[in-house]
Amino acid sequence: MSAAPRPESESVAGAARTAVSPQLLHDLRSPLNHIIGYSEMLTEEADGQRREGFAIDLEKIRDAGHRMLALIEENFTSAQETIPVLVTLEAEPPLQSEAAAPDAAGTPGLLLVVDDDAANREVLSRRLERQGHDVRTVSSGLEAMRILGEAAFDLVLLDIMMPEMDGYEVLGLIKADSRLQNIPVIMISALNELQSVVRCIEAGAEDYLTKPFNPTLLKARIGACLEKKRGRDRESALFEQLQDNYKRLQEFERQRDDMRNMIVHDLRTPLTALIVGIEMLEMDGTLSGTQQEITAIAAGGGRTLLGMINDLLDVEKLESGSAQLQYDEITPAALVAGAVAQVAFLAEESHTTLVTDVAADLLPFSGDGKKLSRTLVNLIGNAIKFTGAGTVTVSVNQEPDAIRFAVHDTGQGIPAESFGRIFEKFGQLDSRRVGTGLGLAFCKLAVEAHGGRITVESTPGIGSTFSFTIPVRAR
């Protein structure tokens, strides 16, 4: 049995292919693209008007155009340099009207078609307008760059082979412009060379389509690009909104802090006058025992309130970096002795045993004596408050480049998850622990202002150790 004769197209495809210039291939394919494009649109119109005979003839013209394109591909291009055909002539689906095609494009967008061929622009723009898009067309890369700066386009369909400025150059300019780089670009070409596709994608193109366009595929690709663009736009809008809200929050916080500081600062003057007046009453000598007890309580409360106000103002200054340290030569033993003396009455009232352990060979160092003394007073006072009838030990030791102060207690301890919170401004372990929550915040800021570091170690039910280091350096 003799073998069946091969189709003419197959025998031609098997022959040696003739290499021609890309420009010649482009020129050969372009008029065929016009024939196919116009015949497809006319076929859809004929289907809508139920002119079946007319539609059949148009489909024959379209099919002839596809066959001529196939012959050009098979005879004048290299198989290694072309991309696979996504929809072959035999497998191509029947044409659908735009109303009957799947709604892959979603919400219409503002599209820009850039092509130096007027017929190409018309075919593509009419196709896109049928899909519901608003379309602008230009004939050159220079016009494209101008119009892109005048309107907010959602997508650019950019022809590659154009005179003066080709599609590669225009794509590079779009992606180099911070105002335009987020606009998706679909490259369009009459050629289906793999090298061209790779070059476009690497340069930032969203997709690559070859002419003639399959209507359903064109709609799906544009719909996918627009959906990604709108997703990026939503993300950008949300990010800008978050930034704006954050800036507004910062401004509100600044106004709140300014108002609070002004009120707190203004409270000091009348409060100081009130304390002085009460103290003068105490010194008058004519008060009864009960009256003296009442005025003492009032004066003590006033001094406590004044201390809280000063704590808040000092913390704010340290946080903002406006506080200036007053450096003096400090003797560690004297610093500890002064701090212990200030809290001795608290220890006596709580039946707490105070122990000091200061190394004998410690040398004087440079620091702000008032702020470091207040830091020790806060740490020792807290230890006494939460220890009760136990022991609080204050120790000082020399490290290679620093002095280390530590306050150890045998109190109730602190859970590890609370270590970070207790050093925050107004931070407290729970509502049962009274206080402003400013003491440890001041300690942390004062130590860090010296270039040191404060830490805590604690085991619930056993006790805690707060320690801080102050670098030893020349004043």
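The text that follows walks through the structure, step by step, so that each part is easy to find. (Residues numbered from 1 in each chain as written. Predicted model: local features only at pLDDT ≥ 70, side-chain atom pairs only at ≥ 80, totals over all residues. Heavy atoms only, no water.)

## Side note on the sheet that holds strand β9 (residues 391-399)
- An order of β7-β9-β10-β12-β11 is seen for the five strands of this open sheet, with the pairing classed as mixed. Either end of the sheet is taken by a strand with one partner, and the two such strands are β7 (353-358) and β11 (453-459). With direction set aside, neighbouring strand axes in the sheet form an average angle of 15°.
- Of the pairings in the sheet, the one linking β9 to strand β10 (residues 402-409) comprises eight bridges and is antiparallel in character. Looking across to β10, one finds that T393 is bridged to H408. (Pairing = 2+ DSSP bridges. Helix = DSSP H or I, 4+ residues; strand = E, 2+ residues; numbered from the N terminus. Axes fitted to C-alpha atoms, helices over the stretch in contact; angles between N-to-C directions.)

## Structural notes on the pattern of salt bridges
- Tallying each qualifying case throughout the model produces 13 salt bridges.
- Here D368 and K371 are joined by a salt bridge, their closest N and O atoms 3.8 Å apart. Neither D368 nor K371 differs from the other in exposure class; each is buried.
- Measuring nitrogen to oxygen at the nearest pair gives 2.9 Å for the salt bridge that ties K444 to E448. Pair noted here: K444 and E448 are both in helix α12 (residues 439-449), with a separation of four residues, about one helical turn.
- Residue classification places K444 among the partly exposed positions, given a relative accessible area of 28%.
- On the basis of relative accessible area, E448 is assigned to the partly exposed category, the value being 40%. (Salt bridge = Lys/Arg side-chain N within 4 Å of Asp/Glu carboxyl O. Buried < 20%, exposed > 50% of the residue type's maximum accessible area, 1.4 Å probe, protein only.)

## Things to note about the nonpolar core
- Among the nonpolar cores identified, the biggest contains 33 residues, and F365, L376, L379, I380, F405, F466 and F468 are the most heavily contacted of them.
- With seven residues, the top contributor of residues to this core is helix α11 (residues 369-385).
- Not counting residues up to four positions away in its chain, the partners in contact with F365 are D328, E329, I330, P332, L335, L372, I403, F405 and I470.
- Counting 26 residues, the second-largest nonpolar core is a separate cluster that includes L110, L158, M165 and L180. (Core = buried A, V, L, I, M, F, W, Y, C linked by side-chain atoms within 4.5 Å. Contact = heavy atoms within 4.5 Å.)

## Digging into the pairing of strand β8 (residues 365-368)
- Taking every second residue as pointing to the same face, both faces of β8 are buried, with F365 and G367 on one and S366 and D368 on the other.
- Sheet topology places strand β6 (residues 327-330) next to β8; four bridges connect them, and they run antiparallel. When the bridges of β8 are listed, E329 appears paired with S366.

## Notes on the packing of helix α9 (residues 289-320) against α12
- Between α9 and α12, the least distance of the axes is 10 Å, while the angle of their chain directions is 40°. One way to sum up the angle between α9 and α12 is to call them oblique. As α9 runs across α12, the sense of the crossing is left-handed. Contacts between α9 and α12 pair D314, V315, L318 and E319 from the former with F442, L445, A446 and A449 from the latter.
- Here the residues of the contact of α9 with α12 sort into six nonpolar, no polar and two charged. (Parallel < 35°, antiparallel > 145°, perpendicular 65-115°, else oblique. Left-handed = near helix turned anticlockwise from the far one by under 90°. Nonpolar A, V, L, I, M, F, W, Y, C, P; charged D, E, K, R; others polar.)

## As for the packing of aromatic side chains
- Counted by the stated rule, this structure contains two aromatic pairs.
- Through a chain of ring-to-ring contacts, the aromatic side chains of F365, F405 and F468 assemble into a single cluster.
- A cation over an aromatic ring shows up here: R199 above the ring of Y168, its NZ or CZ 3.7 Å from the ring centre.
- One Lys or Arg, R374, reaches over the ring of F442 and ends 4.1 Å from the middle of that ring. (Phe/Tyr/Trp six-rings, centres within 6.5 Å; stacked < 30°, edge-to-face > 60°. Lys NZ or Arg CZ within 6 Å of the ring centre and 35° of its normal.)

## Looking at helix α10 (residues 332-350)
- Helix length check: α10 (19 residues) gives 26 Å between terminal C-alpha atoms against 27 Å at 1.5 Å per residue, within 8%.
- The principal kink in α10, of about 50°, is found at V343.
- Turning to α10, its buried residues number three or more, namely P332, L335, V336, A339, V340, V343 and A347.
- In this structure, the buried residues of α10 make contact with β6, β7, β8, α11, β9 and β10. (Expected span 1.5 Å × (residues − 1). Bend = angle between axes of the 7 residues up to and from the residue.)

## Re the packing of α10 against α11
- At their nearest, the axes of α10 and α11 sit 9 Å apart, and the two run at 25° to each other. Judged on the interaxial angle alone, α11 and α10 are roughly parallel. Helix-helix and strand crossings are classified by hand; for α10 and α11 the assignment is right-handed. Counting all contacts with α10, which are made through L335, V336, A339, V340, Q342, V343, L346, A347 and S350, the residues of α11 involved are G369, L372, S373, L376, V377, I380, G381 and I384.
- The residue makeup of the contact of α10 with α11, split by class, is twelve nonpolar, five polar and no charged.

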